[in-house]
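Breakdown of the fold
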Amino acid sequence: MCQRHHTFVLPFSAVKHLPGVEISPPGVIDQRDRRPRTISDLTYSGVNQSTVDLTVNESMQFGRALRRILLNIYRADPRWGPVYMLKADISDGFYNIWVNANGSRRLGLILPSKQGEDPLVLFFLALPMGWVSSPPVFCTATEVATDIANKEIASNWRPPPHRQENAADTEGDIDPARGVSVQGNPPRIRQRNKGPLGYVDCYVDDFMALVQGSKRRRRRVRRILFHCIDRVFRAPDDKDGKWTKDKISLKKLLKGDGSLTTLKIILGWLVDTVAGTIELPPHRVERLFAMLDSFPIGRKTCPKRDLHKLIGELRSMLIAIPGGVGCISWLQETLKTAGERVYLNQHFHDAVADFRWLAQDISNRPTRIAEVVPEVPAVVGMSDAAGPGMGGVWLPDGDRVYLASLRPSLVPALDTEAGESVTAAVEARDAVARSTGLPPAPDGTLLSEPLLWRHPFPEDIQAELVSDSNPKGSINNSELELAGILAHNDVLANAVDVQETTTATGTDNTSGLGWSTRGAISATTPASYLLRLNSMHQRQHRYQQRNFYIPGLTNKMADDCSRLWNLTDDELVSYFNSTYPQNKSWRLCQLSANTASAIHSALRCERKPLPTTFDALTAEHMHAGRDTSGAGTPPRRLDVSPSMHGHRKMLYHSLGSRSKSWANNIYHGRRQVPQVYPPTGINPRDQPPSPTIYYDDASPPPSACDSAIESEL
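What you are looking at is a predicted structure, and each value in this text was computed from that prediction instead of being measured. (Residues numbered from 1 in each chain as written. Predicted model: local features only at pLDDT ≥ 70, side-chain atom pairs only at ≥ 80, totals over all residues. Heavy atoms only, no water.)

Scanning the protein from N- to C-terminus turns up 23 helices and 26 strands. Out of the 713 residues in the protein, the part that is buried amounts to 53%. Long-range pairs, those at least 24 residues apart, make up 79% of the contacts in the protein with a sequence separation of at least 6. With the model as given, the accessible surface of the protein reaches about 31700 Å², and the carbon-plus-sulfur share is 53%. (Helix = DSSP H or I, 4+ residues; strand = E, 2+ residues; numbered from the N terminus. Buried < 20%, exposed > 50% of the residue type's maximum accessible area, 1.4 Å probe, protein only. Contact = heavy atoms within 4.5 Å. Areas by Shrake-Rupley, 256 points an atom, 1.4 Å probe, with all protein chains shown as cover.)

So, in structure tokens, the structure goes:
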């Protein structure tokens, strides 16, 4: 570090009398396949607490990088072939950006020394690991390089060859035992033709590029990325010393990161753009089994920190463990009620057994990208539940009802704030149905006719319902509503092929809505059993849920399904045809007997092993010969309404595109816009190997800001 001019070392006796010197203890972070990383505990010395935040924190956009990457892969036009991926890592990371030389006095780090020797103190000349301002300052540089690369790709720039192209052509072997990828299915919703994908994103110091097209175009996009990195992080030349490293990590390129392939580890996930899947890489699969094996059935207690670590790592892997989110409720309940020493009860070991079964099946059931990226609902319905039973309706043209429930963030509201707009949308639809009649559903939609269904609860479940006359019951109404949402989706899954689609269910119960949206709770109540069953149902049928709130007085159709038990099935259909006329006659569907039995068991808090539960949910589909593997015969392509196409476009621009507003932060009335260029009159060779960040158009901050920065460094 000293030879690369990132740091310098002085004896403690030489600096202990200097004004402004702050010395902090070191820390070490273990890293896989590389030496441990040394960091500074600048909180100990108070440097982090006293730092005046003059950075652009909005530049740290890496929190949504994975979602942007997956959404761009999912939305790529398959006419241009598969999506190829590459990575580029910035060598030495934060150390490529210098700090104010006077301020480095506060960034001292004590080094280990032998007894009797004068301790050594290391001072940083570059951004240290552990300083609160290091991430936003460094991300400003990498985000600027990313934005420049995307701009140059859009302008069709043809750069000259890059010095590291030969190293970038090195191919890595991620998983030698992995076979040839099987071509996955394209998105089910039809979309307009578009040009080949060319996109760059970054996660702190990791650059990632996605590209379609010919080999020449793929290599050109890689050159653009490398040259744009050189624009921000100065490339080495002949005048640099032998210790100067290329800013694009050569070691990572020689491991295969820079090669253009359709299978690559992106941000810790194994992404296959041919099969359209996202999985855990081999080392994380090994870690998963090691964690689960550390909690054998005979283990009775563990430290609370071990349980924290188990739950944290499992939650970080849930994307690649379909159905896992519903199995984590009992682990969270154990943590919520735990002391410093945790008693591992039967619920805990049952949850670990669930994850062990899911882990053993992880290679046979990879997660399809279509199961995790946001998509517009292909069909909208409403459900309801009461003491006697549950029921609901599915509408082929309920899209405007769903759109009325959305927040500005394009996600449904989980409370009653959108109730008035949902009511207005339902009333507008009913008015059209009564006056001119609803138009027929266009060809290509998932559902061509309205569906209704209902199912009674057994007497023992009705007897356990909490009420004024039965305050000690074990089942509350919100749990019945949650059961109704699950049954509602099962009815649709048995009527049409919901594979890799999104469904939207309206409910008038905010607790059931919140549970079904989160997918897990911290309890062992019937709701936890229902969420476990619901996650298995989604695992089997490969669909997503986007549930929303509908006011109770507006949810009349679903209410009638769950309450009019005085009518026979035929009378109920006649009642709906006369009371709620649609473009076609209503069709009555029945809840699968296996699913009904599984729901009843969940309400009774009866746990069944996952293989048994999974078999119960698959029985109705095995006889139909429906393919639920995610490969093989592609499912039917779907059309959605123009309003849903508009919402789909908004989803992409909001969630799949990089934000262009992070530099519009206002600080003391001045607009901060990072500019990357050497100051006027300074030779580019004399500037530090990093971007120099100025504000406004061409002038540095006022001297007051300079003084504040120097005094706080």
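This part takes up the sheet that holds strand β9 (residues 206–211). With respect to topology, three strands assemble into an open sheet ordered β5-β9-β8, the strand pairing being antiparallel. With partners counted over all chains shown, the strands left at the sheet margins are β5 (84–89) and β8 (198–203), one partner each. Taking each pair of neighbouring strands and ignoring which way they run, the sheet shows an average axis angle of 20°. (Pairing = 2+ DSSP bridges. Axes fitted to C-alpha atoms, helices over the stretch in contact; angles between N-to-C directions.)

Mapped onto the elements of the fold, Thr146 is located in helix α4 (residues 134–154). The class of Thr146 is buried, set by a relative accessible area of 0%. The spacing of Thr146 and Asp201 is 55 residues in sequence and 6.0 Å in space, taken between C-alpha atoms. Excluding anything up to four places from it in sequence, Thr146 contacts Val200, Asp201, Cys202, Phe207 and Arg658.

Our focus in this paragraph is helix α18 (residues 556–563). α18 sits mainly inside the fold: six of its eight residues count as buried. Among all positions in α18, only Met557, Ala558, Asp559, Asp560, Cys561 and Ser562 are buried. Each element contacted by the buried residues of α18 is listed here: β16 (379–385), β17 (389–395), β18 (451–456) and α19 (569–579).

The subject of this paragraph is the confidence of the model for the protein. Do not read the fine detail of predicted coordinates wherever pLDDT is low. This prediction gives the protein a mean pLDDT of 85; 89% of its residues lie at or above 70. Low pLDDT (under 50) marks residues 621–628, which in the prediction has 14 contacts with non-local residues, meaning those over four places away or in another chain. A low-confidence stretch, residues 663–713 stays under pLDDT 50, and its non-local contacts, those more than four residues away or across chains, total 89 contacts. (pLDDT = per-residue confidence, 0-100.)

Before going further, it helps to examine the environment of Asp397. Residue position: Asp397 is located in the loop between β17 and α12 (399–403). Take Asp397: its relative accessible area is 22%, and that puts it in the partly exposed class. Here the alpha-carbon distance between Asp397 and Pro439, two residues 42 residues apart in the chain, equals 9.0 Å. Excluding anything up to four places from it in sequence, Asp397 contacts Arg429, Leu438 and Asn583.

On to the layout of surface pockets. If you add up the space inside the second largest pocket, you get close to 1300 Å³. If you go around the second largest pocket, you meet 41 residues; those closest to its centre are Glu371, Val372, Thr517, Gln544 and Arg546. For the lining of the second largest pocket, the secondary structure elements donating two or more residues are α3 (65–75), α16 (510–518), α17 (526–541), β20 (544–545) and α22 (642–656). A class-by-class count of the residues in the lining of the second largest pocket yields 19 nonpolar, 15 polar and seven charged. (1 Å grid on protein atoms, 1.4 Å probe; cavity = no way out; pocket = protein on both sides within 12 Å on 5 of 7 lines; lining within 4 Å. Points joined across faces, edges and corners; volume = space filled by probe spheres on them. Nonpolar A, V, L, I, M, F, W, Y, C, P; charged D, E, K, R; others polar.)

What follows covers the sheet that holds strand β7 (residues 120–124). The strand order across the open sheet formed by four strands is β1-β7-β6-β2, and the pairing between neighbours is mixed. Two strands in the sheet have a free side with no partner beyond their single neighbour: β1 (7–11) and β2 (23–24). Relative to β7, strand β6 (residues 108–110) runs antiparallel, the two sharing three bridges. Bridge pairing in β7 links Ile110 to Val121.

Before going further, it helps to examine the pattern of salt bridges. Throughout the structure, instances matching the rule amount to 37 salt bridges. Salt-bridge contacts for Arg365 lead to Glu371; the nearest nitrogen and oxygen are separated by 2.8 Å. There is no split in this pair, since Arg365 and Glu371 are both buried. Connected through salt bridges with shared partners, the residues Arg68, Glu143, Asp147, Asp201 and Arg658 form a single ionic network. (Salt bridge = Lys/Arg side-chain N within 4 Å of Asp/Glu carboxyl O.)

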